[in-house]
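# Working through the structure, step by step
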Amino acid sequence: MGELTQAQFEDAVRRGAHDLAIKPRARAARYDRDSGRIVIDLVNGATFSFPASLAQGLERASAEQLEAVEVAGAGFGLHWEELDADLTVEGLLAGRFGSARYMADRFGKDWDSEAAE
């Protein structure tokens, strides 16, 4: 891999600042045992939740494992260390609960990955 130029570095910093300003990010995340949902508090004040059973890597997890959710990557993702599971906030908000293959297997071959982008 080659050296990073100053221009490339400055462009990466601009893209990062842009993403921080406009892309959905989590401020906090938790598992709600009563509803069986993962609840994400977004930095913009909105809250999003989804049934843990929908998500790749979470579908057979125990409540204790689901409670160990961590906000990762400046709020762009969620991580469960013990489950080795990672989901992006942007993907979840778009209805993507796993990889394209997982979504097709889980929700049918007609599931359109491009429509969810």
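See the structure above.
These remarks concern the structure in this document. (Residues numbered from 1 in each chain as written. Predicted model: local features only at pLDDT ≥ 70, side-chain atom pairs only at ≥ 80, totals over all residues. Heavy atoms only, no water.)

### Here's the deal with the sheet that holds strand E6 (residues 85-88)
- Strand order in this open sheet of three strands is E4-E5-E6, and the pairing throughout is antiparallel. One side of each edge strand has no neighbouring strand; the edge strands of this open sheet are strand E4 (70-72) and E6. Between one strand axis and the next, the sheet turns through 30° on average, direction left out of account.
- In terms of strand pairing, E4 meets strand E5 (residues 77-80) through three bridges, oriented antiparallel. When the sheet's bridge partners are listed, Ala72 is paired in E5 with Gly77. (Pairing = 2+ DSSP bridges. Helix = DSSP H or I, 4+ residues; strand = E, 2+ residues; numbered from the N terminus. Axes fitted to C-alpha atoms, helices over the stretch in contact; angles between N-to-C directions.)

### Regarding the pairing of E5
- Side-chain alternation along E5 places Gly77 and His79 on one buried face and Leu78 and Trp80 on a second face that is also buried.
- In this structure, the hairpin formed by E4 and E5 is closed by a connection of four residues, where Gly73 is found at a positive phi of approximately 55°.
- Relative to E6, E5 runs antiparallel, the two being bridged by four bridges. Each bridged residue has a counterpart across the sheet, and for Gly77 the counterpart in E6 is Thr88.
- Connecting the antiparallel pair E5 and E6 is a turn made up of four residues, with Asp84 showing a positive phi of about 50°. (Buried < 20%, exposed > 50% of the residue type's maximum accessible area, 1.4 Å probe, protein only.)

### Notes on the nonpolar core
- Membership of the largest hydrophobic core comes to 25 residues, with the highest contact counts inside it found for Ile38, Ile40, Phe50, Leu58, Leu78 and Trp80.
- At the level of secondary structure, the elements contributing two or more residues to this core comprise strand E1 (26-32), strand E2 (37-42), strand E3 (47-51), helix H2 (63-67), E5, E6, helix H3 (89-93) and helix H4 (100-107).
- Non-local contacts of Leu78, meaning those with residues more than four positions away in its chain, are made with Ala26, Ala29, Ile38, Ile40, Val69, Glu70, Val71, Ala85, Asp86, Leu87 and Leu92. (Core = buried A, V, L, I, M, F, W, Y, C linked by side-chain atoms within 4.5 Å. Contact = heavy atoms within 4.5 Å.)

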